Amino acid sequence: MKFDTKNISSKLQSYLSMLKKYVVFVFAITILLIFSFFVVRINQISRSEPTEQQIEEKLQTVQRPRIDQAVLDKIEELQGQNIEVKSLFDQARNNPFSE
């Protein structure tokens, strides 16, 4: 079997002319496959949940706020002293549409 450059170029041109008919179809299928891959991958990523170790690592970095007991006692004392406001709040809760 001899390899002749004239034969190769003529065969290549015939294959290219045949492929030109299907360029749009191949391009559309390629784009469809790429979009399908993205949809499947996004679906996988959105369903994944963090592991227990990842949750514990994040919880260790979070500083929880602490409220002093004296401040809580003072707020409760002030809340108990203001009877008029408390009654206004109760009335508004019972009938929110009255003016």
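Cut-off values and rules
Residues numbered from 1 in each chain as written. Predicted model: local features only at pLDDT ≥ 70, side-chain atom pairs only at ≥ 80, totals over all residues. Heavy atoms only, no water. Helix = DSSP H or I, 4+ residues; strand = E, 2+ residues; numbered from the N terminus. Buried < 20%, exposed > 50% of the residue type's maximum accessible area, 1.4 Å probe, protein only. Areas by Shrake-Rupley, 256 points an atom, 1.4 Å probe, with all protein chains shown as cover. Patch = residues over 30% accessible without salt bridge, like charges linked within 9 Å, V, L, I, M, F, W, Y side chains within 5 Å. Salt bridge = Lys/Arg side-chain N within 4 Å of Asp/Glu carboxyl O. Lys, Arg positive; Asp, Glu negative; His and termini not counted. Charge placed at Lys NZ, Arg CZ, Asp CG, Glu CD.

## Some points on the overall build of the chain
Then step 1. Scanning the chain for helices and strands turns up five helices and zero strands.
Then step 2. The order of helices and strands in the chain, counted from the N terminus, is α-α-α-α-α.
Then step 3. A total of 99 residues make up the chain; the buried ones form 0% of that total.
Then step 4. Entry remark: accessible area of the chain is about 10600 Å², with carbon and sulfur atoms responsible for 61%.

## So, a nonpolar patch on the surface
Then step 1. Together, Tyr15, Met18, Tyr22, Phe25, Val26, Ile29, Leu32 and Leu33 make up a nonpolar patch on the protein surface, roughly 860 Å² of accessible area in all.
Then step 2. At the level of secondary structure, the elements contributing two or more residues to the nonpolar patch comprise α1 (5–20) and α2 (23–47).
Then step 3. Looking at the nonpolar patch, the element that brings in the most residues is α2, giving five residues.

## Overview of a negative patch on the surface
Then step 1. A cluster of like negative charges, contributed by Asp68, Asp73, Glu76 and Glu77, occupies part of the molecular surface.
Then step 2. Mapped onto the fold, Glu77 is located in helix α4 (residues 69–81).
Then step 3. On the accessibility criterion, Glu77 (41% relative accessible area) is partly exposed.

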